[in-house]
Amino acid sequence: MAPVQTTKMSNFRWVICALLFLATTINYMDRQVLSLTWKDFIAPEFHWTDGDYGTITGYFSLFYAIANLFAGKFIDWMGTKKGYLIAIFVWSLGAVLHAGCGWVAMTIEGYDSVAQLGQLTGDAAVAIATISVWLFLSCRLILAVGEAGNFPAAIKATAEYFPKKDRAFSTSIFNSGASVGALAAPATIPLLARAWGWEMAFIIIGCLGFVWMGLWMWLYEKPAKNKHVNQAELNYIEQDNDLAEAQDRDNMKEEKAIPFFKCFTYKQTWAFLVGKFMTDGVWWFFLFWAPAYFSDQYGYTSDSAMGIALIFTLYAIVTILSIGGGYLPTYFVDKKGMNPYLGRMRAMFIFACFPVLGLFAQPMGAYSAWWPAILIGLLGAGHQAWSANLFSTIGDMFPKSTIGTIVGLGTMAGGIGSMSINLGSGKFFDWAADQGGAFTFFGFEGKPAAYMVVFCICAVAYLIGWCIMKALVPKYKPIVLD
């Protein structure tokens, strides 16, 4: 008979969950500082074009994708406490270093003050633009390498502090930090840049990570060693440590992993890669370009009340509507009797239709800037729901021993797609602006026409991706190893 529990259980695991939520929020805000300051604060100082910004965002996406291939193994090697500390230190350092790019560029070119840079013309302006782009790329590389460690470390901490039945709920809590960061960023970062300069926006937001490090060092230890976790809570956390779990671990050890290069011989692998390549870039495009779009097309700078309201509304729609993305496949499976893959693909087709609304963002913008904000928000909600289910197709098809490899490959494919659309869009916007009335598309001229072209690409990318995935894997076909 199990001993009677007489001690009230502590709940320190939720303190750890709160720390994971805070880290994810900071992670997202650090990523957003550049997109919310470049157009109205940084570009005038460094003479950036859209192509320059597209280069920075495009390569950041690639840096982040490559880093994700190794981040999980690094966290496993270092352990949760040290690994998370190193990850957030690196990305916070990268964030703060952005603030010194102006001073370094000034020093390299031999000017007396940063204020002189914005007054330069001709070759001198081109030189400052080139140097500053390379400096920002260096900082974005550091940021990307550190940020890649956030989710592997947070998921590992969740597995250590929560029993299986609570992990999905705790993961959803810390993952919501991304949505909170998306909402907090436009409400704070442009105002910081206006009050104290864009450099201070990077420094203040970046230093939040160093504050978090102090809390993590003080509060985190593994449950069995943590003085804030009493025996009752430890028993609750370790309730899965029974014979069944031991047998599961033995089975996992015996399960064969698919060799790396052999993964490419399966259509299921290519289906996932196509899904990521076709759609990840759409999310990153709107993430990086939405503030500039409202500034370019409607004159609402990122620090204006209207600019803040538009971006906040966009991400509020994404946050609220994407919550239901995980329920729809369950409905198809439980209520309609579909197998998990068929139900997931049916749901993904519905979510793939949401981005089609992006076709109307630019035309409806002629009536009010609120229409693009709302329509892009619906597109983004569709993406988040699509993405959650796309990741779940891996578990439908692949043995557990190979899931990490497939996720890494998919992240790389998504990074290449993101790099392509961000880098290409920047160059395209510059070209279209130079062409003016000579370039038209659907009744728009110049740069507005270029935005319309990119919106059209984004609108149909999901349906094209879904069709290719369905053609490659038309029905439920899990990989079975001999």
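Above this text is the structure in question.
Computed from a predicted structure; not experimentally measured.

This paragraph deals with the environment of tryptophan 386. As for its position among the elements, tryptophan 386 is in helix α17 (residues 370-397). A sequence separation of 42 residues divides tryptophan 386 from arginine 344, and the C-alpha atoms of the two residues are 9.4 Å apart. Side-chain polar atoms of tryptophan 386 contact the side chain of threonine 279, separated by 3.2 Å.

Before going further, it helps to spend a moment on the packing of helix α2 (residues 50-78) against helix α3 (residues 80-97). As a packed pair, α2 and α3 sit with axes 6 Å apart at the nearest point and diverge in direction by 130°. Relative to α3, the element α2 is oriented oblique. You can see that α2 and α3 cross each other, and the crossing is right-handed. Between α2 and α3, the contacting residues are Phe74, Ile75 and Met78 on the first element and Thr80, Lys82, Gly83, Tyr84 and Ile86 on the second.

In total, this model carries 49 aromatic pairs according to the counting rule given. Judged by centre distance (5.7 Å) and plane angle (70°), the rings of phenylalanine 428 and phenylalanine 439 are edge-to-face. Here phenylalanine 428 is found in helix α18 (residues 403-435), whereas its partner phenylalanine 439 is found in the loop between α18 and β1 (440-441), with 11 residues between them in sequence. Residue classification places phenylalanine 439 among the buried positions, given a relative accessible area of 14%.

Let us look at the pattern of salt bridges. On inspection of all chains with the given rule, the structure shows 10 salt bridges. In this structure, aspartate 50 engages lysine 39 in a salt bridge whose closest nitrogen and oxygen atoms are separated by 3.2 Å. Here aspartate 50 is found in helix α2, whereas its partner lysine 39 is found in helix α1 (residues 13-46), with 11 residues between them in sequence. On the basis of relative accessibility, which here comes to 4%, the residue aspartate 50 falls in the buried class. For lysine 447, the salt bridge goes to aspartate 296, with nearest N and O atoms at 2.6 Å. One end of the pair, lysine 447, is in helix α19 (residues 446-472); the other, aspartate 296, is in helix α12 (residues 267-298), and 151 residues separate them in sequence. Assessed through its relative accessible area of 14%, lysine 447 is described here as buried. On the accessibility criterion, aspartate 296 (27% relative accessible area) is partly exposed. Because the salt bridges share partners, they merge into one network encompassing Lys39, Asp50, Asp296 and Lys447.

Turning our attention to the packing of α1 against helix α8 (residues 177-196). Close contact between α1 and α8 brings their axes to 7 Å; oriented N to C, the two are set at 40°. The angle between α1 and α8 places the two elements in the oblique class. The handedness of the crossing between α1 and α8 comes out as right-handed. Grouping the constituent residues of the contact of α1 with α8 by class yields 15 nonpolar, 7 polar and 1 charged.

What follows is about the state of the cysteines. Under the criterion given, the structure shown has 0 disulfides. Free cysteine cysteine 207: the closest other cysteine sulfur is in cysteine 139, separated by 14 Å. Cysteine 467 carries a free sulfur, and the closest cysteine sulfur to it, the one in cysteine 353, is 9.7 Å from it.

Another aspect to go through is unusual backbone geometry. Phi at histidine 47 takes a positive value of approximately 60°, unusual for a residue other than glycine. Tracing the sequence through the fold places histidine 47 in the loop between α1 and α2.

Here is what the cut-offs are and how they apply
Residues numbered from 1 in each chain as written. Predicted model: local features only at pLDDT ≥ 70, side-chain atom pairs only at ≥ 80, totals over all residues. Heavy atoms only, no water. Helix = DSSP H or I, 4+ residues; strand = E, 2+ residues; numbered from the N terminus. Polar contact = N/O pair within 3.5 Å; in protein donor to acceptor, adjacent residues only side chain to side chain. Axes fitted to C-alpha atoms, helices over the stretch in contact; angles between N-to-C directions. Parallel < 35°, antiparallel > 145°, perpendicular 65-115°, else oblique. Left-handed = near helix turned anticlockwise from the far one by under 90°. Contact = heavy atoms within 4.5 Å. Phe/Tyr/Trp six-rings, centres within 6.5 Å; stacked < 30°, edge-to-face > 60°. Buried < 20%, exposed > 50% of the residue type's maximum accessible area, 1.4 Å probe, protein only. Salt bridge = Lys/Arg side-chain N within 4 Å of Asp/Glu carboxyl O. Nonpolar A, V, L, I, M, F, W, Y, C, P; charged D, E, K, R; others polar. Disulfide = S-S within 2.5 Å.

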